[in-house]
Amino acid sequence: MPADFISSLFVFILAAFLGIELIKRVSPLLHTPLMSLTNALDAIVVVAAIIIAGQHETSLSTKLGLIAVAASFSNMVGGFLITDRMLSMFKTGKGKKA
Amino acid sequence: MTPDQVLMLIDFTYIAAVVGFILSLKWLSSPVTAMRGVLIGEIASGIAVLATLFDARVTEHKWIIIALIIGAGVGVPLGLVKMTAVPQRTALSHAFGALSAALIGIAEYYVAAPNVPRFEMAEIGLEVVIGSLTVTGSLIAAGKLQELKWIPQRPIVYKGQNYVSLAVLASAIILIIALVFRPDLTFLFPIMVIVALIFGIMLVTPIGGADMPTVISLLNSYAGFSAALLGFVLQSKVLVVAGALDGASGFILSVIMCKAMNRSFTNVLFGAFGQVQVAAAGAKEERVVKSASPEDAASILASANKVVIVPGYGMAVAQAQHKVRELYDVLTKKGIDVRFGIHPVAGRMPGHMNVLLAEADIPYDKLMEMDVINGDLPQTDVALIIGANDVTNPAARTDQGSPIYGMPIIDVDKARTVMVIKRSMAAGFAGIDNPLYYLNQTLMLFGDAKKFVTEIVQSLSGSGGH
């Protein structure tokens with residue numbers, strides 16, 4: 001078993017447990033923004049897509065990489081945008097006029 | 001800077017990004033700090049993307065910039081959709097995320113093929129299969145939520161379906177194993193991808209509308225785990241962490257949704273809800289219901305001290321949330337305590353109802369979780385149900401024969417008066433009769449939700465204009 005795999009597994013297990021503890025604390029009020037936010041964070045895949053597309057290993061890998069860049073970056077932009085819009089709507093009774 | 005130093009610097013931005021992601025989720029715990037959470041997530045992602053453009057392996061930037069612009073061009077309109085369309089937007093973004101992860105895995109494979117080391121082949125195979133099935137599964141889910149005509153809304157089921165689906169999944173796994181041991185058989189790889197794509201379709205097609213919140217959450221978790229697996233393939237820790245966080249989030253939401261419907265994972269995935277209902281709806285008897293006019297409803301509300309409104313997705317379909325807000329305002333002005341009881345599966349994705357009500361400017365501190373509001377319902381004068389049905393059905397507590405028996409519900413039947421705004425006596429999505437409607441303290445308010453609430457508001461502000 002490659003050493004990289006073991007170190008990745010270490011990181012994965014720690015991150016998954018941390019994730020579970022963090023997400024459990026998110027108020028059910030915000031579960032929809034939670035999903036769009038994690039979606040935007042997950043779009044960090046774009047950094048791998050940029051490398052694949054920029055490496056020019058083969059013409060196929062470049063093309064697939066470019067599509068992946070567009071697909072994941074649209075998630076990043078769209079995900080943050082909609083999360084922001086949703087959260088800005090959550091107000092308490094006191095903070096509002098009328 | 002030497003190329004090595006640049007690489008190290010890029011790695012440091014990735015570590016900073018991971019810290020940002022964790023803080024981002026931490027601050028999402030409360031609406032007060034949530035905006036800060038989004039901001040740090042944006043900064044973290046932005047820095048990581050920017051730094052990657054300076055990676056020495058990236059030899060040409062022109063097309064990457066163009067792809068980024070196209071991505072932003074697609075992302076902005078998807079970030080500006082209406083709040084009722086957020087579930088299908090979310091499903092679509094799971095498809096995009098999984099597509100991206102699958103394509104990178106496919107590209108990695110063809111760069112190395114046919115000399116792919118066994119271990120890496122297993123990782124790539126698993127990653128591409130999960131990514132691909134998430135792409136088609138999410139597209140079908142998005143289509144169902146968007147109510148596209150050519151995608152069936154009701155679950156499609158046939159005899160032996162589960163065996164066929166499992167056989168398709170098994171063949172995808174067998175193809176991975178074959179590729180691990182015979183990397184020279186490169187023609188198997190595209191077959192594996194196609195089989196996974198087909199399995200994604202088969203996975204979601206039999207699942208009906210009421211289970212959509214669970215399905216979206218599950219697909220969320222698959223999209224996350226496919227990104228994490230890609231991190232394993234590329235030895236990229238930032239992908240492993242982001243994927244694990246996203247996967248964990250989807251997983252927890254799926255568990256919450258399953259609990260809220262008293263279903264198990266396997267039950268959602270392998271037992272279409274549609275089958276049980278037909279039999280249950282058959283045993284219906286004629287019983288009397290009491291109905292009331294908007295004026296009657298208004299006077300009952302005006303004399304109440306505590307009112308709980310239980311909204312369901314029907315309220316959003318009727319576009320009634322802004323009228324409900326007016327009702328909330330006029331009652332609050334009279335000194336009546338008005339709160340909302342939100343069932344976890346109200347709406348079409350986790351938390352959807354809260355967003356719809358927040359959009360209508362209803363203060364979030366009046367939106368109560370099911371457990372909280374259930375403690376208060378026995379002291380509540382009026383429970384007003386708008387567009388919700390199954391989540392208020394007392395049969396879930398009492399009738400062991402009911403398909404929804406055991407599902408946690410909002411105990412509206414414990415309120416002194418129950419009013420239900422409903423178009424007709426037709427059964428709800430699950431096709432189950434609701435004994436709530438025949439109770440002594442229940443008044444049926446027949447009509448369109450938006451029109452009926454408008455009339456109640458008019459009546460309240462007309463007569464009680466003090």
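These numbers come from a predicted model, not from an experiment.

The next point concerns the overall build of chain B. Scanning chain B for helices and strands turns up 18 helices and 6 strands. In chain B, buried positions account for 53% of the 466 residues. Taking the intrachain contacts of chain B between residues at least 6 apart in sequence as the baseline, contacts between residues at least 24 apart amount to 78%.

The helix and strand tally for chain A stands at 4 helices and 0 strands. Across chain A, helices and strands are ordered from the amino to the carboxyl terminus as α-α-α-α. By the compact-globule yardstick of 13 Å for 98 residues, chain A is too spread out, its C-alpha radius of gyration being 19 Å. In terms of its C-alpha atoms, chain A occupies a principal-axis envelope of roughly 60 × 30 × 15 Å. Per-residue burial for chain A yields a buried fraction of 59% across its 98 residues. Considering only contacts in chain A between residues 6 or more positions apart, those separated by 24 or more positions represent 62%.

As a further point, take the sheet that holds strand E3 (residues 367-369) of chain B. Residue and element names in this part refer to chain B. Spatial ordering of the open sheet is given by E3-E2-E1-E4-E5-E6, a layout of 6 strands whose pairing is parallel. Both edges of this open sheet fall to E3 and strand E6 (442-446), since each of them pairs with a single strand only. Adjacent strand axes in the sheet meet at a mean angle of 25°, parallel and antiparallel pairs treated alike. Packed onto the sheet, helix H15 (residues 352-359) meets strand E1 (306-311), strand E2 (337-342) and E3 and runs at close to 145° relative to E2.

Another aspect to go through is the interface of chain B and chain A. Counting residues at the interface gives 96 residues for chain B, matched by 80 residues for chain A. Only helix H1 (3-27), helix H2 (31-52), helix H3 (62-79), helix H4 (86-112), helix H8 (212-234), helix H9 (237-260), H15 and E3 of chain B provide two or more residues apiece to the side of chain B that touches chain A. When its residues are assigned to classes, the side of chain B that touches chain A shows 58 nonpolar, 25 polar and 13 charged.

The next subject is the domain arrangement of chain B. All names here are of chain B. As assigned here, chain B comprises domain 1 (92-272) and domain 2 (283-463). Centre-to-centre, using C-alpha coordinates, domain 1 lies 37 Å away from domain 2. Every contact between the two is made by 13 residues of domain 1 and, on the other side, 11 residues of domain 2. The set of elements that each furnish at least two residues to the side of domain 1 that touches domain 2 consists of H8 and H9. Its residues placed into classes, the side of domain 1 that touches domain 2 shows 10 nonpolar, 3 polar and no charged.

Another point: the packing of helix H1 (residues 3-24) of chain A against H9(B). Close contact between H1(A) and H9(B) brings their axes to 8 Å; oriented N to C, the two are set at 40°. Here H1(A) lies oblique to H9(B), going by the angle between them. The two elements H1(A) and H9(B) meet at a crossing, and its hand is right-handed. The segment H1(A) lies against H9(B), with A:Ser8, A:Val11, A:Phe12, A:Ala15, A:Ala16, A:Gly19, A:Ile20, A:Ile23 and A:Lys24 engaging B:Lys237, B:Val240, B:Val241, B:Ala244, B:Leu245, B:Gly247, B:Ala248, B:Ser249 and B:Ile252. Residue composition of the contact of H1(A) with H9(B), grouped by class: 12 nonpolar, 4 polar and 2 charged.

The next thing to look at is the nonpolar core. Core analysis: the largest hydrophobic core is formed by 193 residues, its most contacted members being A:Ile44, A:Val46, A:Val69 and B:Leu239. Here this core spans two domains, since at least three of its residues come from each of domain 1 (92-272) and domain 2 (283-463) of chain B. When sequence neighbours within four positions are dropped, the list of residues in contact with A:Ile44 reads B:Ala17, B:Ser45, B:Ala48, B:Val238, B:Leu239 and B:Ala242.

All names here are of chain B. Among the structural elements, leucine 377 can be located in the loop between helix H16 (370-376) and strand E4 (382-386). Taking the number of C-beta atoms within 10 Å as the measure of exposure, leucine 377 has 20 and is therefore buried. For leucine 377 and lysine 306, which are 71 residues apart along the polypeptide, the C-alpha to C-alpha distance reads 9.2 Å. Those residues in contact with leucine 377, other than ones at most four positions away along the chain, are Val308, Ala383, Asp411, Val412, Lys414 and Ala415.

This next bit is on the pairing of E1(B). One face of the sheet, then the other: side chains in a regular strand alternate in exactly this way. Residue and element names in this part refer to chain B. Among the 6 residues that make up E1, 5 are buried, leaving the element largely enclosed by the rest of the structure. Where E1 and E2 come together, 4 bridges link them in parallel fashion. Within E2, the position partnered with valine 307 by the bridge is valine 338. Alignment of E1 against E4, held across 5 bridges, turns out to be parallel. In the sheet register, isoleucine 309 faces E4, and the bridge partner there is leucine 384.

What follows is about unusual backbone geometry. Residue and element names in this part refer to chain B. Cis geometry marks the peptide bond from alanine 113 to proline 114, where omega comes out at 0°. Along the chain, proline 114 falls in the loop between H4 and helix H5 (118-145). Its identity is not glycine, yet glutamate 147 carries a phi of approximately 60°, on the positive side. With respect to the secondary-structure elements, glutamate 147 resides in the loop between H5 and helix H6 (161-181).

All names here are of chain B. Averaged over every residue, the pLDDT of chain B is 88; the share at 70 or more is 92%. When mean pLDDT is compared element by element in chain B, H4 scores highest at 95, while helix H11 (residues 274-282) scores lowest at 42. Both scores are available for the predicted complex, with the pTM at 0.90 and the ipTM at 0.94.

Here we take up the environment of B:Gly137. Residue and element names in this part refer to chain B. Inspection of the secondary structure assignment puts glycine 137 in helix H5. The exposure class of glycine 137 is buried, given the 29 C-beta atoms found within 10 Å. Each C-alpha atom of the pair glycine 137 and histidine 94 lies 9.3 Å from the other, and the pair is 43 residues apart in sequence. When sequence neighbours within four positions are dropped, the list of residues in contact with glycine 137 reads Gly200, Leu203, Val204 and Leu219.

The rules behind the values
- Residues numbered from 1 in each chain as written.
- Chains lettered and ligands numbered in written order.
- Predicted model: local features only at pLDDT ≥ 70, side-chain atom pairs only at ≥ 80, totals over all residues.
- Helix = DSSP H or I, 4+ residues; strand = E, 2+ residues; numbered from the N terminus.
- Buried ≥ 20, exposed ≤ 12 C-beta atoms within 10 Å, placed from the backbone.
- Contact = placed C-beta atoms within 7 Å.
- Rg over C-alpha atoms; globule rule 2.2 N^0.38 Å.
- Pairing = 2+ DSSP bridges.
- Axes fitted to C-alpha atoms, helices over the stretch in contact; angles between N-to-C directions.
- Nonpolar A, V, L, I, M, F, W, Y, C, P; charged D, E, K, R; others polar.
- Domains from an automatic or database assignment.
- Parallel < 35°, antiparallel > 145°, perpendicular 65-115°, else oblique.
- Left-handed = near helix turned anticlockwise from the far one by under 90°.
- Core = buried A, V, L, I, M, F, W, Y, C linked by C-beta atoms within 7 Å.
- pLDDT = per-residue confidence, 0-100.

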